[in-house]
Structures are given as C-alpha cells and as structure tokens.
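# Structural characterization, general
This is what each chain is made of:
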Amino acid sequence: MRKQRRINYDHENHDRWLISYADFITLLFAFFVVMYAISAVNEGKYRVLAHSLGDAFGKAPTGEDASVPELPTVKLPPEVKQRTLKQQQRFEEQTHMTDVASTLLAAMGPLVKEGKVKVTQSRRGISIEINANVLFEPGQAQLHPHSLQVLQAVAAALKNEPFKLEVTGHTDNVQISNSTFASNWELSAMRATSVVRLLAANGIDSERLLAIGSEASKPIASNDTEDGRARNRRVELMVLSSLPDTVEEIPLAQPAAKTASPIRP
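Let me begin by describing the structure that accompanies this report. (Residues numbered from 1 in each chain as written. Predicted model: local features only at pLDDT ≥ 70, side-chain atom pairs only at ≥ 80, totals over all residues. Heavy atoms only, no water.)

## A word on the overall build of the protein chain
Going by this rule: A helix here means a DSSP run of H or I that spans at least four residues, while a strand means a run of E at least two residues long, and both kinds are numbered starting from the N terminus. Per-residue accessibility, obtained with a 1.4 Å probe over protein chains only, is compared with the maximum for each type, and a residue is labelled buried under 20%, exposed over 50%, and partly exposed between these values. Working rule for contacts: check all heavy atoms of both residues, and any pair within 4.5 Å makes them a contact. Values of accessible area rely on a 1.4 Å probe in the Shrake-Rupley scheme; residue burial ignores everything except the protein chains shown.
Looking only at helices and strands, the protein chain has eight helices and five strands in total. Helices and strands appear in the protein chain in the N-to-C order α-α-α-α-β-β-α-α-β-α-β-α-β. Expressed as a percentage of the 265 residues in the protein chain, the buried residues total 31%. Pairs at least 24 residues apart make up 66% of the contacts formed inside the protein chain by residues separated by at least 6 positions. Surface accessibility of the protein chain: about 19,700 Å² in total, with carbon and sulfur atoms responsible for 55%.

As structure tokens, then:
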C-alpha cells in the first residue's frame, strides 16, 4: 500500500503581536475615557482611579500612603476666563436680587394680596408695579398721604443696595387736558417725578434715580374696559441689574465690488 503523506499545517504566525497591540490600545482608550468622565476633582476619586489602573496594568500602588497623581495645570484662554467670571457674577447678582425681591414682597404683602402691587424678576432686574389709585387721586400727581408708608418701605429695602432705580409713570389712553396737565405725557412724567422725589427724601441717592413719563405707550391690559384702564394707570419701579450688557460695535457694510461689463464684439 502507498504510504499517505502527512501534511503539516502548522506554521509560524507573524501577526500575533496585533493581539497585544489591540489590548494596549483598548486600555489606553479606556484610560482617556475615564479621565474625561471625571468632572469633580478630589483625592478619593483619583485614589480609586490609581488603584484601578494599577490593577489593570499589574502595578497597583500599596498602602494608605500610595501617592495620588497630580493633575496638570490647565491654562484657559482669556476669553473663556472672562466668560466664566461674568457667568459667576450674574449668578451671584441674580441670587441677591431674589433676596431683595423677597424683602419687597414682605414689605408690601397686603397690597400684593389685593392685586394692587405686583413684583416680578427678570434678567433686567426687579419690577415693582404699583396701581396709580394707591398713590394718586384721579388726574393728579401729588402723592396720597397714605401712600407714603408704601414708598417708604420700598426706600428702606433699597437704600443700601447698589442698584439704580428707574421710575416710570403710565396712564390709560383717555387723554387729559386741564390747567395743570396738557396731556397724559405731562401727567405720567410728573407722577414718576413725585415718586422719585420721595425716594430721594428717604435715603436713596439721587444719582441712582431716573424718572420717565411713558403716557399710554406700554399698556398691560386692554383700554377698552374700565378694569383694563385701571390696570394701565400705574407706576413701575425697576431695580436695574448692575452688570453691564454686552456691547458690540456693528461694522459698516462694505459696498459690493462692481463687476466689469463683458466686452461685446
């Protein structure tokens, strides 16, 4: 019988190093993922990380005094630092303004419950809307004697604060014309001025105060009903944010270049 030839299929594999290389790349990728995922830096997290990585690479630190790796110093660009600082300042001011708004609400609690005073807060600051019938007689700009207590409470809450105050008088759309006021513009401006003068007399620096007459240009309700007109007759005290707005200069648009007309034969 013919003797069968034994075929040897075993041969040396020169690509076995790829397995070790792939394992190393996988571990390296996991290392950077873990580093990226850590958002709060503290010693406990890094100690756990050091032990975990040491176990993975076979060189775990031993003992309670095992050294904790130090983070490299990261230098942020100036524009990023400035943006972060502004965000922190705005957060702190918003928190402080919320406390001021709470103080104002407590001082004018009964009027707020009756719907005659409304306190709101926005990015621009704190708005205090006071119904005109709380402060004035119809068609008049002289303050009621009983309104002094309300405005004195506002002055007491704001006189030690750094914020500027913008006082705006508002009317309905029914035009007034008498010997004192020629139109609603004069009436709204004089009402705002009366409030400003009282606030200044109760300890608020006059440099922080601004009086504006807005007439009926900014209604908050319909002027078609008596209730709506009563809501529109109001004085608004705006406690302005002390942080400056971002101002960007708009460049002048350059005129488009004229294209030469094609020469026709």
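The structure having been displayed, the exposition proceeds.
## Things to note about unusual backbone geometry
In the Ramachandran plot, glutamate 215 falls in the positive-phi region, its phi being about 55° despite a non-glycine side chain. If you trace the backbone, glutamate 215 turns up in the loop between strand S4 (209–213) and helix H8 (226–232).

## A closer look at helix H6 (residues 148–158)
Using the following cut-off: Directions from the helix axis toward the C-beta atoms define the arc.
When H6 is considered as a whole, its buried residues turn out to be Val150, Leu151, Val154, Ala155, Ala157 and Leu158. Down the axis, H6 shows its buried residues gathered within 165° of arc, on one side only. Turned more than 90 degrees from where H6 packs its buried face, Gln149 and Ala156 sit exposed.

## Notes on the pattern of salt bridges
So the rule is basically this: Whenever a carboxyl oxygen of Asp or Glu lies within 4 Å of a side-chain nitrogen of Lys or Arg, that contact is scored as a salt bridge.
Per the counting criterion, the structure on display carries five salt bridges. For the salt bridge of arginine 229 with glutamate 226, the shortest nitrogen-to-oxygen distance reads 3.2 Å. Here arginine 229 pairs with glutamate 226, and both are found in helix H8, just three residues apart, close to one helical turn. For arginine 229, a relative accessible area of 19% gives the class buried. Each member of the salt-bridge network shares a partner with another, and the members are Asp172, Glu226, Arg229 and Arg233.

## So, the pairing of strand S1 (residues 117–121)
Rules: A strand pair is defined by DSSP finding two or more bridges across the two strands.
Alignment of S1 against strand S2 (residues 125–131), held across five bridges, turns out to be antiparallel. Within S2, the position partnered with lysine 118 by the bridge is glutamate 129. Following S1, the chain reverses through three residues before pairing antiparallel with S2.

## Quick notes on the side chain of aspartate 172
Put simply, the rule reads: Polar contacts, as counted here, are pairs of nitrogen or oxygen atoms within 3.5 Å of one another; within protein the pair requires one atom able to donate a hydrogen and one able to accept it, and residues that are adjacent in sequence qualify only if both atoms are side-chain atoms.
Within the secondary structure, aspartate 172 sits in the loop between strand S3 (165–170) and helix H7 (184–201). Look at aspartate 172 and you get buried, because its relative accessible area is 7%. Side-chain polar atoms of aspartate 172 contact the backbone nitrogen of valine 174, separated by 3.1 Å. At 2.6 Å, the side chain of aspartate 172 and the side chain of arginine 233 are in polar contact. Those residues in contact with aspartate 172 that lie beyond four places of it in its chain are Asn184, Ala216, Asn223, Arg229, Asn232 and Arg233.

## Notes on a nonpolar patch on the surface
Defined as follows: Only residues whose relative accessible area exceeds 30% and that form no salt bridge enter a patch; like-charged residues are grouped when within 9 Å of one another, and nonpolar side chains (Val, Leu, Ile, Met, Phe, Trp, Tyr) when within 5 Å.
A contiguous nonpolar surface patch, about 720 Å² in accessible area, is contributed by Trp17, Leu18, Tyr21, Phe24, Ile25, Leu28 and Phe32. For phenylalanine 32, the location among the structural elements is in helix H1 (residues 17–37). You can call phenylalanine 32 exposed: its relative accessible area is 53%.

## Description of the environment of serine 127
Relative to the helices and strands, serine 127 resides in strand S2. Taking relative accessible area as the criterion, serine 127 reaches 6% and is therefore assigned buried. Among residues more than four places away in sequence, those in contact with serine 127 are Lys118, Val119, Thr120, Glu236, Leu237 and Met238. Reaching out from serine 127, the side chain makes a polar contact with the side chain of glutamate 236 at a distance of 2.8 Å.

Read these as layout, nothing more, since geometry by itself doesn't imply function.
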